[in-house]
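# Fold and geometry: a report
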Amino acid sequence: MIKRPKAFKTPKSLLDYAEKVKKDRDSRKLEVRICAGPSCVAGGALEFRDELQKELDAHAPQLKKAGLTVGTSLIEKCTGCHGMCEAGPLVILEPMEIFYTHVKPKHAKSIVETTLLEGEPVKELLYSLDFTKGGEKAKHHSDIPFYALQNRIALKNVGTIDPTNFEDFLLNDGFKGLVKALTTMTPEEVVDAVDESGLRGRGGAGFPTGRKWKSALRVKQDRVWLVCNGDEGDPGAFMDRVIMDSDPYTVIEGMLIAAYGLGATDGYIYVRHEYPLAVKHLTMAIENMKALGLLGENILGSGLNFNLKLSRGGGAFVCGESSALMRSLEGKVGEPRAKYVRSVEKGFKDEPTVLNNVETYACVPSIISRGADWFSSMGTAKSKGTKVFSLVGKVKQTGLVEVPMGRTLREIIYDIGGGIIDDRPFKAVQTGGPSGGCLPADKLDLPVDFDTLTREGAMMGSGGMIVMDDQTCMVDVAKYFIKFLSDESCGKCVPCREGLKQVYQILDRITKGEGREGDIELIEKLCHTMEVASLCALGKGAPFPVLSTLRFFREEYEEHIHDKFCRGGVCKELINFHINDSCTGCMVCLRHCPTEAITGERKKLHVIDDDKCISCGICRNVCKFDSVDIISQGKIVAGKEPAMA
Amino acid sequence: MSETKTVRITIDGRSIDAPVGQTVLEAARQHNIDIPSLCYHPGVEAFGACRLCVVEIRKHNWTPDWKQLVTSCLFPVEEGLIVETRSPEVMENRKVVLDLQLARVPNSDVIRQLAAEYGIHDTSYEKREDADDCIMCGLCVRVCDAIGAHAISTLSRGPEKYVDVPNKDACIGCLACALTCPTNAIEYIEEGNMRTIWDKTFEVVLDPVNKKPIATPEQIAHFSKQSGLPEDYFTKSDATRKKETAASFARVMFD
Ligand SMILES: Cc1cc2nc3c(=O)[nH]c(=O)nc-3n(C[C@H](O)[C@H](O)[C@H](O)COP(=O)(O)O)c2cc1C
Ligand code: FES
């Protein structure tokens, strides 16, 4: 074991130590990485770890004979989330590239005996390449498209290092960017490099980071505050949490580089209040770095002073908006303000402030250590580098993926995500979080970058991607997002507060079959005012879920209003359930129906009484023979076969 | 005296010199150009909530067809700014905003009248059920905070947001909230020397001469503490106080 110095007083001492750690790690023959992300932990990852430790102890002599000594040549460790939560708990063995899914404590024994001792994989735990039980297995994680097609920069350490282990962080170029900046670059060169890299903010608006930093440099002030936005409020988005949970040092390194470039001496990381693990790991990292001389006064003897504090979010979605966030940091109610004065001039405490998103900061160390050219060689003309997406909804493989900008929606959904569940037809993908938009099938070949998505009425946002199949009602989808935004509006300005409420009420009556002539026009007029006259970006962006669905799926609104028809088979008031003649008479639906609406005898066709049916859909879910159809206006809209539009 | 810097701006075609630091709304009002507002009050920090004061701007360095809607109560004047307070776009949005307000407070005379001025006699939207007259402009809360009582605040968010008095003990019964409310939505009762507001009843000190209510003892204590003036300064009759003030003024001026 090598000894860590008490503190690092020069850049060289840090690099030398990192070098020693690397050498020491070369003697490691095998690493068992247990995913300890929240989802895998909930699935029993820590129980597995206990069991594994027992098995390792029990098999110590045999392992030793095979050249594996626990603690030196064989290491078992917990890492952050691997981004494929639904297949968890995950266990990865390196360098064999073995990727185990759905691992339970009981598997510890076979993993030790079969894989560690005999070098063979435990077949039942391998990832199934065609998403079926008996299907072909992935021998290596590099065979899995979900991982093979990714390009990880912001997620470079996520899932490979133990986030609480400083040495682990050093292994993969940790602090290399910081040291390079401090020893070979002037502050202006650092800002120039970020500018030249083409990095744009990953928090939603895609504002060029270099331009923001340069404008902060132009505002000559004694003090600049540096803030990291880790509020992450978009439902379904979890990239920032995963980065903070799994690689806290990279975020802080990014902030330190920014602090050097901008001359900032104080900063905050504002973390969403529901993220206890992020808080824990960031706090540990901050304390550790303070002790090691990597935060505080005269960092690495370079003269750089930077104090970093953690602040826990106020809880509301709107607190993620920069002006609301700064108010919340001041201890006030997190309500947005009109941004006629830029926060680089007057932000936190009315003093110059530079605020960036977690993923934005996480890209900075690599940009500095590997160069602006390297970063800008990835991506499209105006969107450089990579972006992390959370791919959810009706795709076979959901999860967190990082790809270069410019990949098409089709590549992300079909190649990485494996396509639509049950191979149903694709209907839409919603991108950009609650104020993003929905894109239809004929947009699948669009390259995903900031400007393309915006041009099509969707948004990059924080990188949410919700995939929808044909059994989705687009009016219902719009209603869902409007409800979310209405509940989360701070309630300060009229167009947002009252506008969202009214749009919701109109959408609600449309989905109930009570839509009126002129409702679409009324919504459009209202949306226009919300877009141009709301105080902050929440209200300004709120119309997009409606406007984009109106743009690409207008006929669905019209069908609801005029024909009382819901082609997605979703809107309860417009559908009923019907049992077709493939029914085997198994009585299962009959027993599950909460309102006793189904009658029938064993081995005879069952019948649903429409008067008693509440359209809860339980019968359809429990039927093993796909015998329950959904009917709207006499047409089968959801049955065994994809509905005819 | 230091000279205040001014900038030249154009509002509805009129050229105006406005001091730096002024907002477009203030500049317009100073020159008798009407911009409607509900949440603005010169005595407290502008808030930008009612969106009635939204105007259209252009800047001299923008391309000619480029314009933007901004909140005039918050937008600072700058050299060469061109403002339209009644462009079609502005009027359209004002109408939608008033239409929305009318749905929120269908019984408010103030809003009904204002909406009618813009040709809206009935709302296009669903009226709020059991509607009171509060338009959530936040003036009452800002005034209460400015006075330093901090008794009332807004609670909840979104359409459910409302004003309440979570800190009832702090209420000094000054009525500032009720008197600044643009829609008279805050109820209070004043009978003889009793005053009730926010479900709290105060005994009011009456003017010794004309017997009109002056202030509550809580209010007097608060103001006395804030201003450093003795409490009895506030309980004198209006006429006495005026006389004394004039006398002390004369002392300062002529001694
Ligand atoms: C309603 C609303 C919510 C937002 N939430 C977040 C958030 O959770 N995280 C985030 O980084 N940015 C969020 N933003 C964007 C921020 O205002 C800001 O643009 C961003 O943090 C700047 O960092 P960047 O330039 O690195 O993207 C939100 C914006 C709005 C309007
Ligand atoms: S007066 Fe400007 S928004 Fe109300």
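Residue and element names in this part refer to chain B. For strand S3 (residues 54–58), the buried fraction is high: four of the five residues fall into the buried class. Looking at chain direction, S3 and strand S5 (residues 82–84) are connected through three bridges and run antiparallel. Looking across to S5, one finds that Glu 56 is bridged to Glu 84.

All names here are of chain A. Domain parsing of chain A yields domain 1 (23–144), domain 2 (166–376), domain 3 (386–469), domain 4 (474–563) and domain 5 (575–638). The straight-line distance from the C-alpha centre of domain 2 to that of domain 3 is 27 Å. Between domain 2 and domain 3, the contact holds 16 residues from the first and 17 residues from the second. Both sides of the domain 2 and domain 3 interface together cover about 1300 Å² of buried area, and 61% of this is carbon and sulfur. Among the residues domain 2 hides against domain 3, the three largest losses belong to Arg 200, Arg 202 and Met 239. Together they make up 38% of the total. Linking domain 2 with domain 3 are two salt bridges, by the criterion used here. Linking Arg 200 and Asp 451 is a salt bridge whose minimum nitrogen-to-oxygen distance equals 3.2 Å. Remark: the boundary between domain 2 and domain 3 carries six residue pairs in polar contact (both at pLDDT 80 or more). The residue makeup of the side of domain 2 that touches domain 3, split by class, is seven nonpolar, five polar and four charged.

Here we come to helix H3 (residues 45–58) of chain A. Residues and elements named next belong to chain A. With 14 residues, H3 should reach 20 Å at 1.5 Å per residue; the first-to-last C-alpha distance of 20 Å fits that figure. Buried within H3 are the following residues: Ala 45, Phe 48, Leu 52, Glu 55 and Leu 56. Along the axis of H3, the buried residues cluster in a sector spanning 100 degrees; they form a single face. H3 presents Lys 54, Asp 57 and Ala 58 as exposed residues on the side facing more than 90 degrees away from its buried surface. Buried positions along H3 lie against strand S1 (30–35), helix H2 (38–42), helix H4 (60–65), strand S2 (74–79), strand S3 (91–94) and helix H5 (107–118).

Residues and elements named next belong to chain A. The local shell around ligand 1 holds 18 residues, among which Gly 203, Glu 232, Ser 322, Asn 357 and Thr 360 are the closest. With respect to ligand 1, the side chain of Lys 212 contributes an N or O atom lying 3.1 Å from an oxygen atom. In this structure, an oxygen atom belonging to ligand 1 sits 2.9 Å away from a side-chain N or O atom of Asn 229. Considering ligand 1 on its own, with 610 Å² of exposed area, one finds that the protein chains cover 88% of that surface. If you tally residues by element for the shell around ligand 1, the top one is strand S9 (residues 353–357), at three residues. Class assignment of the residues belonging to the shell around ligand 1 gives a composition of four nonpolar, nine polar and five charged.

What follows is about the pattern of salt bridges. Residues and elements named next belong to chain A. Summed over all chains, the structure comprises 54 salt bridges over all chains. A salt bridge links Asp 195 to Lys 214, with the shortest nitrogen-to-oxygen separation between them at 3.0 Å. Here the residue Asp 195 occupies a position in helix H9 (residues 187–197), and Lys 214 occupies one in helix H10 (residues 209–218), the gap between them amounting to 19 residues. Lys 214 gets classed as partly exposed once you look at its relative accessible area, which sits at 28%. By sharing partners, the salt bridges in this structure join Arg 25, Arg 28, Glu 31, Arg 33, Lys 77, Glu 94 and Asp 168 into a single network.

With that settled, consider the domain arrangement of chain B. How big an interface is tends to be expressed through the accessible area that disappears when the partners come together. Residues and elements named next belong to chain B. Each assigned domain of chain B is listed here: domain 1 (6–86) and domain 2 (139–250). Relative to domain 2, the C-alpha centre of domain 1 lies at a distance of 33 Å. Facing the eight residues of domain 1 at the interface are six residues of domain 2. Summing both partners gives a buried area of about 540 Å² for domain 1 against domain 2, and 70% of it is carried by carbon and sulfur. Three residues stand out in domain 1 for area buried against domain 2, namely Leu 38, His 41 and Val 44, and they jointly supply 68% of the buried area on that side. Counting the contacts that link domain 1 with domain 2 gives zero salt bridges. Where domain 1 touches domain 2, the interface holds two residue pairs in polar contact (both at pLDDT 80 or more). Here the side of domain 1 that touches domain 2 is composed, by residue class, of six nonpolar, one polar and one charged.

This next bit is on the packing of helix H20 (residues 494–511) of chain A against helix H2 (residues 88–104) of chain B. It is at 10 Å that the axes of H20 of chain A and H2 of chain B come closest, and there the two elements cross at 65 degrees. Judged by the twist between their axes, the crossing of H20 of chain A over H2 of chain B is left-handed. In contact with Val 494, Pro 495, Arg 497, Glu 498, Gly 499 and Gln 502 of chain A of H20 of chain A, H2 of chain B contributes Val 97, Leu 100, Gln 101, Ala 103 and Arg 104 of chain B. Grouping the constituent residues of the contact of H20 of chain A with H2 of chain B by class yields five nonpolar, three polar and three charged.

A few words now on the sheet that holds strand S10 (residues 200–203) of chain B. Residues and elements named next belong to chain B. The three strands are arranged S8-S9-S10 in an open sheet whose pairing can be described as antiparallel. Each edge of the open sheet carries a strand with a single partner, namely strand S8 (188–191) and S10. On average, each strand axis in the sheet is tilted by 15 degrees relative to the strand beside it, whichever way the strands run. Relative to strand S9 (residues 194–197), S8 runs antiparallel, the two sharing four bridges. If you follow Ile 189 over to S9, its bridge partner there is Thr 196.

Taken together, the contact between chain B and chain A spans 32 residues of the former and 32 residues of the latter. Carbon and sulfur atoms make up 56% of the surface buried where chain B meets chain A, a total of about 2700 Å² over both sides. The closest approach of N and O atoms between Glu 126 of chain B and Arg 509 of chain A, which form a salt bridge, is 3.0 Å. One can count 16 residue pairs in polar contact (both at pLDDT 80 or more) joining chain B with chain A. Listed by contribution, the elements that provide at least two residues to the side of chain B that touches chain A are strand S4 (68–71) and H2 of chain B. A breakdown of the residues in the side of chain B that touches chain A according to their chemical character gives 16 nonpolar, seven polar and nine charged.

In this section: the packing of aromatic side chains. All names here are of chain A. In this structure the tally under the stated criterion is 20 aromatic pairs over all chains. Through a chain of ring-to-ring contacts, three or more aromatic side chains come together here, namely Phe 8, Tyr 17, Phe 166, Phe 169, Phe 175 and Tyr 249. We note Arg 211 situated over the ring of Phe 207; from NZ or CZ to the ring centre the distance is 5.3 Å. One cation-aromatic arrangement involves Lys 387 over Phe 389; the distance from NZ or CZ to the ring centre is 6.0 Å.

Looking now at the side chain of Lys 427 of chain A. All names here are of chain A. Residue position: Lys 427 is located in strand S12 (residues 426–431). At 2.9 Å, the side chain of Lys 427 forms a polar contact with the side chain of Glu 556. Setting aside residues up to four positions removed in sequence, Lys 427 forms contacts with Leu 439, Pro 440, Ala 441, Met 468, Asp 469, Asp 470, Thr 472, Met 474, Phe 553, Glu 556, Arg 567 and Gly 568.

Cis peptide bonds are those with omega within 30 degrees of zero, and the linkage from Gly 88 of chain A to Pro 89 of chain A qualifies with -10 degrees. Along the polypeptide, Pro 89 of chain A turns up in the loop between S2 and S3. Look at Lys 603 of chain A: it is not a glycine, yet its phi comes out positive at around 65 degrees. Tracing the backbone through its elements, the reader meets Lys 603 of chain A in the loop between strand S16 (598–599) and strand S17 (607–608). A positive phi is found at Asp 130 of chain B, a non-glycine position, where the angle reads about 45 degrees. Tracing the chain through its elements places Asp 130 of chain B in the loop between helix H3 (109–117) and helix H4 (139–147).

Attention now goes to the pairing of strand S13 (residues 437–440) of chain A. All names here are of chain A. Taking every second residue as pointing to the same face, both faces of S13 are buried, with Gly 437 and Leu 439 on one and Cys 438 and Pro 440 on the other. Alignment of S12 against S13, held across four bridges, turns out to be antiparallel. Residue Thr 431 lies in a different strand from S13, and its bridge partner there is Gly 437. Hairpin remark: S12 followed by S13, antiparallel, with five residues in the connecting loop; positive phi at Gly 432, about 95 degrees.

Glancing now at the nonpolar core. One broad trend across soluble globular proteins is that nonpolar side chains are buried collectively. Core analysis: the largest hydrophobic core is formed by 94 residues, its most contacted members being Leu 507, Val 546 and Tyr 557 of chain A together with Ile 152, Ile 197 and Trp 198 of chain B. Residues in contact with Ile 152 of chain B, not counting those within four places in the same chain, are Cys 140, Val 141, Cys 144, Val 163, Asp 164, Val 165, Pro 166, Cys 177 and Trp 198 of chain B. Core analysis: the second largest hydrophobic core is formed by 78 residues, Ala 154, Cys 228, Met 244 and Leu 400 of chain A among them.

Rules behind the numbers
- Residues numbered from 1 in each chain as written.
- Chains lettered and ligands numbered in written order.
- Predicted model: local features only at pLDDT ≥ 70, side-chain atom pairs only at ≥ 80, totals over all residues.
- Heavy atoms only, no water.
- Buried < 20%, exposed > 50% of the residue type's maximum accessible area, 1.4 Å probe, protein only.
- Helix = DSSP H or I, 4+ residues; strand = E, 2+ residues; numbered from the N terminus.
- Pairing = 2+ DSSP bridges.
- Domains from an automatic or database assignment.
- Contact = heavy atoms within 4.5 Å.
- Buried area = accessible area lost by both parts, 1.4 Å probe.
- Salt bridge = Lys/Arg side-chain N within 4 Å of Asp/Glu carboxyl O.
- Polar contact = N/O pair within 3.5 Å; in protein donor to acceptor, adjacent residues only side chain to side chain.
- Nonpolar A, V, L, I, M, F, W, Y, C, P; charged D, E, K, R; others polar.
- Expected span 1.5 Å × (residues − 1).
- Arc of directions from axis to C-beta.
- Near = heavy atom within 4 Å.
- Areas by Shrake-Rupley, 256 points an atom, 1.4 Å probe, with all protein chains shown as cover.
- Axes fitted to C-alpha atoms, helices over the stretch in contact; angles between N-to-C directions.
- Left-handed = near helix turned anticlockwise from the far one by under 90°.
- Phe/Tyr/Trp six-rings, centres within 6.5 Å; stacked < 30°, edge-to-face > 60°.
- Lys NZ or Arg CZ within 6 Å of the ring centre and 35° of its normal.
- Core = buried A, V, L, I, M, F, W, Y, C linked by side-chain atoms within 4.5 Å.

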